[in-house]
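Here are the chains, one letter per residue:
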Amino acid sequence: MIKVENLRKTYRAGLVEVPALRGVSFEVDEREYVAIVGPSGSGKSTLMHLLGCLDVPSAGRYIFDGVEVSTLGEDELARVRNRKIGFVFQGFHLLPRLTALENVELPLVYRGVGAATRRKRAIRALELVGLGARVQHYPNELSGGEQQRVAIARAMVGDPILLLADEPTGNLDSRTGADVLDLFRRINETGCTVIMVTHNMTAASRAKRLLKIRDGLLEGDERV
Amino acid sequence: MDFATSLKMGLKALLSNRLRSALTILGVVIGVAAVIGVVAIAQGSQRQVTSQIESLGTYLLTVSIRGRGADKMLTSDDVTELTAGIDGIAGVSPVVTGSATAKYGTRKYDCSLLGVNEQYATVRDLQLETGRFFTQIDISTRQKVALLGQNVVAELFGLSDPVGKDIKLNGQTFVVIGVLAPRGGGPAGTEDDQVLIPVTSAERLVGRRGVSTFYIRGQDKESVKQISTAISDRLYRRFRDQDAYRIFDQTQMLQTVTNVSQTLTLMLASIAFISLLVGGIGIMNIMLVSVVERTKEIGLRKAVGATRRDIMSQFLLESAMLSGVGGVLGIISGEILAGAIASAIKVPAVFPWAGAGIALGLALVVGIGFGIYPASRAANLAPIEALRTE
């Protein structure tokens, strides 16, 4: 489903060119549960941005779901993100002025789904993460774990084929972190590919495959 | 994205910063109110001046005879002769003016006396409240009959009916045959102070032959011009002196007044429009701040699938809402402002419906116009840059 060939990304900081990825190649099949690990500055976040179609590579090929992503325009990338990918971030990134329900509805809003259907699907997604009773709460009325579960519901509400998580347990204590990881396993078991970027080895050990990144290069690929 | 959802989201965003939104709206309110207020007052004064001129009578030519001496004056018969055979004349009336003391019983009133003929009512659009107007016989036989203005009736008769009563004008007895409908201001003070008598009787009563003024009413705008030219020719042939007479064309005057006041209105409205522009800059300012503050939100929205267009329209909608609300409130407060100024300077305020539409339109254009730059900045934010902001 994912095929990455010699992927490179160089950032420009003033006059200096900073290589973040220096040629990475791998493949990920459907239904896999992958953890990308590496120390900070290794380029794993950059890799995740590229995999999530949030950014385009400087060189190399990225084929996602049969489509060469580097050839897509900005609007097409937005469409891919909207329909095929769900994101979970370390800092939750919930919109503070919207209720849990409205936050979860957001991807469907940009997909053009009608209000009634949107609401029904968002409520179902919140029930699946165990927050059926909190739909009308605002993010600041929820605990960190609950906020992250709202974010997961938002990621899953549009039935994506790929769930991308960037340090999903980074802002949580170990118990709520474990709950979130359980949720990921369940999501993976329903058939959704999960890719998680982390430097937390406990979290990474829950995945079925480990991609190790160091200094912008792939250093190891282990299946558990 | 459907419009209802966009509207709801925009409203939430604006309400989350109530004071800031209110102040931004205030800028637009002041701009629109200034435009509306200025236009309302200007149109009100224009209408007042216009109606004063129109109260002279429509399609009216006023011919004043300024010459002195026997060879430079006209009698009422001369007026008839002078205007004979000119096309498009609806009516002609010579006017002999003077002042008189009217007496009824023990009551006295100093009024202005107008000697006119039977066509005067047509020429000047006079309405009678009671009684009848002069007939040609009244004129030709020098009847001592009189028509009274409202103030004269009030002073001499109070509430009783004056028709059929005898009054004395400078000692001579006249029978009141009618009362003029209230009319208000005219070129020579209020016409409600006048007493009208047949021109032939007036020439005797005032002790002066010769009319100082006569009025000609044309059938339409075009004929007024032709009549004016024809009369001017005839008068010149008679007097051989351009200074001996003057023809005042009311239609022309009206046109001039309208032109001048439209120019003034436009000028004042443009000045007021500047404050609307300043309001627009306020919107731009606040939207720019808002884009910076909401960088993270924009990034997240893009991550979950918002296109550049979605973000652009979200921010444009917000600035359009600010200016739209400002526009509507501005129209309301502009009307209130105009009403207050109008009553202070005693001019009627004319609420400019068209102007209100234009001002609201301008406010929206200003809001959207000044919203484009901040909105495109938001739309062009790269999603990862936006998400990185913590």
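Everything numeric here is computed off the predicted structure, so don't read it as measured data.

1. Some points on the overall build of chain B
Line of reasoning, step 1. When its secondary structure is counted, chain B shows 13 helices and 12 strands.
Line of reasoning, step 2. In summary, chain B has a C-alpha radius of gyration of 33 Å against a globular reference of 21 Å for 390 residues, an excess of more than 25%.
Line of reasoning, step 3. When each of the 390 residues of chain B is scored for burial, the buried share is 47%.
Line of reasoning, step 4. Sequence separation of at least 24 residues holds for 80% of the intrachain contacts in chain B that already meet a minimum separation of 6.
Line of reasoning, step 5. Of the roughly 18,600 Å² of accessible surface on chain B, a fraction of 58% belongs to carbon and sulfur atoms.
Line of reasoning, step 6. With 38 positive and 32 negative side-chain charges, chain B shows a spacing of 5 Å between the two charge centroids.

2. Here's the deal with a nonpolar patch on the surface
Line of reasoning, step 1. Together, V260, L264, M267, L268 and I271 of chain B line one region of the surface with nonpolar side chains, adding up to about 440 Å² of accessible area.
Line of reasoning, step 2. When you line up the elements, I271 of chain B lands in helix α9 (residues 250–293).

3. Notes on the interface of chain A and chain B
How big an interface is tends to be reported as the loss of accessible area on association of its parts.
Line of reasoning, step 1. The interface is formed by 24 residues belonging to chain A together with 28 residues belonging to chain B.
Line of reasoning, step 2. Regarding the contact of chain A and chain B, the summed buried area is about 2,400 Å², with carbon and sulfur atoms giving 58% of it.
Line of reasoning, step 3. Three residues stand out in chain A for area buried against chain B, namely H93, R97 and Y110 of chain A, and they jointly supply 32% of the buried area on that side.
Line of reasoning, step 4. Among the salt bridges present, the one from R308 of chain B reaches E74 of chain A, with a minimum N-O distance of 2.6 Å.
Line of reasoning, step 5. Applying the counting criterion to the chain A and chain B interface returns nine residue pairs in polar contact (both at pLDDT 80 or more).
Line of reasoning, step 6. If you list the elements that add at least two residues to the side of chain A that touches chain B, you get α2 (74–84) and α3 (100–111) of chain A.

4. Some details on the pattern of salt bridges
Proximity of charged atoms lets side chains of opposite charge pair with each other.
Line of reasoning, step 1. The tally for this structure, following the rule as stated, stands at 29 salt bridges over all chains.
Line of reasoning, step 2. For the salt bridge of K3 of chain A with E5 of chain A, the shortest nitrogen-to-oxygen distance reads 3.4 Å.
Line of reasoning, step 3. Given the relative accessible area of 29%, E5 of chain A is considered partly exposed.
Line of reasoning, step 4. Close ionic contact of E68 of chain A with R61 of chain A constitutes a salt bridge, the shortest N to O distance being 3.0 Å.
Line of reasoning, step 5. One salt-bridge network, held together by shared partners, links R97 of chain A together with R294, E297, R301 and E318 of chain B.

5. Description of the state of the cysteines
Line of reasoning, step 1. Using the criterion set out here, one finds zero disulfides over all chains in the structure.
Line of reasoning, step 2. Of all cysteine sulfurs in the structure, the one in C192 of chain A sits closest to C53 of chain A, which takes part in no disulfide; the separation is 14 Å.

6. Focus: the sheet that holds strand β5 (residues 67–68) of chain A
All names here are of chain A.
Line of reasoning, step 1. Taken together, the four strands give an open sheet; going across it, the order is β2-β1-β4-β5, and neighbouring strands pair in antiparallel fashion. At either end of the open sheet lies a strand with only one pairing partner, and these are β2 (16–28) and β5.
Line of reasoning, step 2. Sheet analysis places strand β4 (residues 59–64) next to β5, joined by two bridges and oriented antiparallel. When the sheet's bridge partners are listed, F64 is paired in β5 with V67.
Line of reasoning, step 3. Packed on one face of the sheet, helix α1 (residues 44–51) meets β1 (2–13), β2 and β4 and runs near 120° to β1.

7. Details of the pairing of strand β11 (residues 213–218) of chain B
Side-chain positions along a regular strand alternate between the two faces of the sheet.
Residues and elements named next belong to chain B.
Line of reasoning, step 1. Burial of β11 is extensive: six of the six residues sit out of reach of the surface.
Line of reasoning, step 2. Along β11, one buried face is formed by T213, Y215 and R217 and the opposite face, lined by F214, I216 and G218, is buried too.
Line of reasoning, step 3. Pairing analysis gives five bridges linking strand β1 (residues 60–65) to β11, with the strands arranged antiparallel. Its bridge partner lying in β11, L60 is registered against R217.
Line of reasoning, step 4. Of the pairings in the sheet, the one linking strand β2 (residues 89–104) to β11 comprises six bridges and is antiparallel in character.

8. Observations concerning the sheet that holds strand β3 (residues 33–37) of chain A
All names here are of chain A.
Line of reasoning, step 1. Across the sheet, which stays open at both edges, the six strands sit in the order β6-β7-β8-β3-β9-β10 with mixed pairing between neighbours. The open sheet has two edge strands, β6 (85–88) and β10 (217–223), and neither has a second partner. Going from strand to strand, the sheet's axes swing by 15° on average, the running direction of each strand aside.
Line of reasoning, step 2. When β3 meets strand β8 (residues 193–198), the two strands line up parallel, connected through five bridges. The residue of β8 that forms the bridge with V37 is T198.
Line of reasoning, step 3. Contacting β6 and β7 (162–166), α2 crosses the sheet at an angle of about 80° to β6.

9. Details of the confidence of the model for chain B
A low pLDDT means the predicted coordinates there should not be read in detail.
All names here are of chain B.
Line of reasoning, step 1. The predicted model of chain B has a mean per-residue pLDDT of 87, with 96% of residues at 70 or higher.
Line of reasoning, step 2. Looking over chain B, one finds the lowest element-wise mean pLDDT in strand β8 (residues 185–186), namely 54, and the highest in strand β5 (residues 145–148), namely 94.
Line of reasoning, step 3. Across the whole predicted complex the pTM is 0.73, and at the interface the ipTM reaches 0.94.

10. Things to note about the packing of helix α3 (residues 76–83) of chain B against helix α8 (residues 221–239) of chain B
Residue and element names in this part refer to chain B.
Line of reasoning, step 1. As a packed pair, α3 and α8 sit with axes 10 Å apart at the nearest point and diverge in direction by 125°. When the interaxial angle is binned, α3 and α8 end up oblique. Crossing angle aside, the handedness with which α3 passes α8 is right-handed. Where α3 approaches α8, its residues D78, E81, L82 and T83 are matched on the opposing element by I231, R234, L235 and R238.
Line of reasoning, step 2. For the contact of α3 with α8, the class distribution of residues is three nonpolar, one polar and four charged.

11. Describing the environment of L106 of chain A
Line of reasoning, step 1. Among the secondary structure elements, L106 of chain A is positioned in helix α3.
Line of reasoning, step 2. Residue classification places L106 of chain A among the buried residues on the basis of a relative accessible area of 1%.
Line of reasoning, step 3. Dropping the residues within four chain positions of it, L106 of chain A is found in contact with L95 and L98 of chain A together with M9, L300, R301 and V304 of chain B.

12. Thoughts on the nonpolar core
Line of reasoning, step 1. Core analysis: the largest hydrophobic core is formed by 72 residues, its most contacted members being I2, I36, L51, Y62, F64 and I195 of chain A.
Line of reasoning, step 2. Once you skip the residues sitting within four places of it in the chain, I195 of chain A turns out to touch I2, V28, V34, I36, L51, L162, L163, L164 and A165 of chain A.
Line of reasoning, step 3. In terms of nonpolar packing, the next biggest core, distinct from the first, is built from 58 residues, L148, V152, V195 and V199 of chain B among them.

13. Here's the deal with unusual backbone geometry
All names here are of chain A.
Line of reasoning, step 1. Phi is positive for F92, close to 65°, though the residue is something other than glycine.
Line of reasoning, step 2. Along the chain, F92 turns up in the loop between β6 and α3.
Line of reasoning, step 3. The phi dihedral of D159 falls on the positive side, at around 50°, and the residue is not glycine.
Line of reasoning, step 4. Take D159: it is sitting in the loop between α5 (144–156) and β7.

14. Let's talk about the packing of aromatic side chains
All names here are of chain B.
Line of reasoning, step 1. All chains considered together, the criterion is met by six aromatic pairs over all chains.
Line of reasoning, step 2. Pairing Y104 with F157 gives two aromatic rings, centres 4.2 Å apart and planes at 40°, and the pair type is tilted. Linking Y104 in strand β2 with F157 in helix α6 (residues 150–157), this pair joins segments that are 53 residues apart in sequence.
Line of reasoning, step 3. With a centroid separation of 5.2 Å and 55° between ring planes, the pair formed by F133 and F134 is classed as tilted. The two residues F133 and F134 agree in class, both being buried.
Line of reasoning, step 4. A cation sits over an aromatic face here: R124 above Y215, 5.2 Å from the ring centre.

Quick notes on the rules
- Residues numbered from 1 in each chain as written.
- Chains lettered and ligands numbered in written order.
- Predicted model: local features only at pLDDT ≥ 70, side-chain atom pairs only at ≥ 80, totals over all residues.
- Heavy atoms only, no water.
- Helix = DSSP H or I, 4+ residues; strand = E, 2+ residues; numbered from the N terminus.
- Rg over C-alpha atoms; globule rule 2.2 N^0.38 Å.
- Buried < 20%, exposed > 50% of the residue type's maximum accessible area, 1.4 Å probe, protein only.
- Contact = heavy atoms within 4.5 Å.
- Areas by Shrake-Rupley, 256 points an atom, 1.4 Å probe, with all protein chains shown as cover.
- Lys, Arg positive; Asp, Glu negative; His and termini not counted.
- Charge placed at Lys NZ, Arg CZ, Asp CG, Glu CD.
- Patch = residues over 30% accessible without salt bridge, like charges linked within 9 Å, V, L, I, M, F, W, Y side chains within 5 Å.
- Salt bridge = Lys/Arg side-chain N within 4 Å of Asp/Glu carboxyl O.
- Buried area = accessible area lost by both parts, 1.4 Å probe.
- Polar contact = N/O pair within 3.5 Å; in protein donor to acceptor, adjacent residues only side chain to side chain.
- Disulfide = S-S within 2.5 Å.
- Pairing = 2+ DSSP bridges.
- Axes fitted to C-alpha atoms, helices over the stretch in contact; angles between N-to-C directions.
- pLDDT = per-residue confidence, 0-100.
- Parallel < 35°, antiparallel > 145°, perpendicular 65-115°, else oblique.
- Left-handed = near helix turned anticlockwise from the far one by under 90°.
- Nonpolar A, V, L, I, M, F, W, Y, C, P; charged D, E, K, R; others polar.
- Core = buried A, V, L, I, M, F, W, Y, C linked by side-chain atoms within 4.5 Å.
- Phe/Tyr/Trp six-rings, centres within 6.5 Å; stacked < 30°, edge-to-face > 60°.
- Lys NZ or Arg CZ within 6 Å of the ring centre and 35° of its normal.

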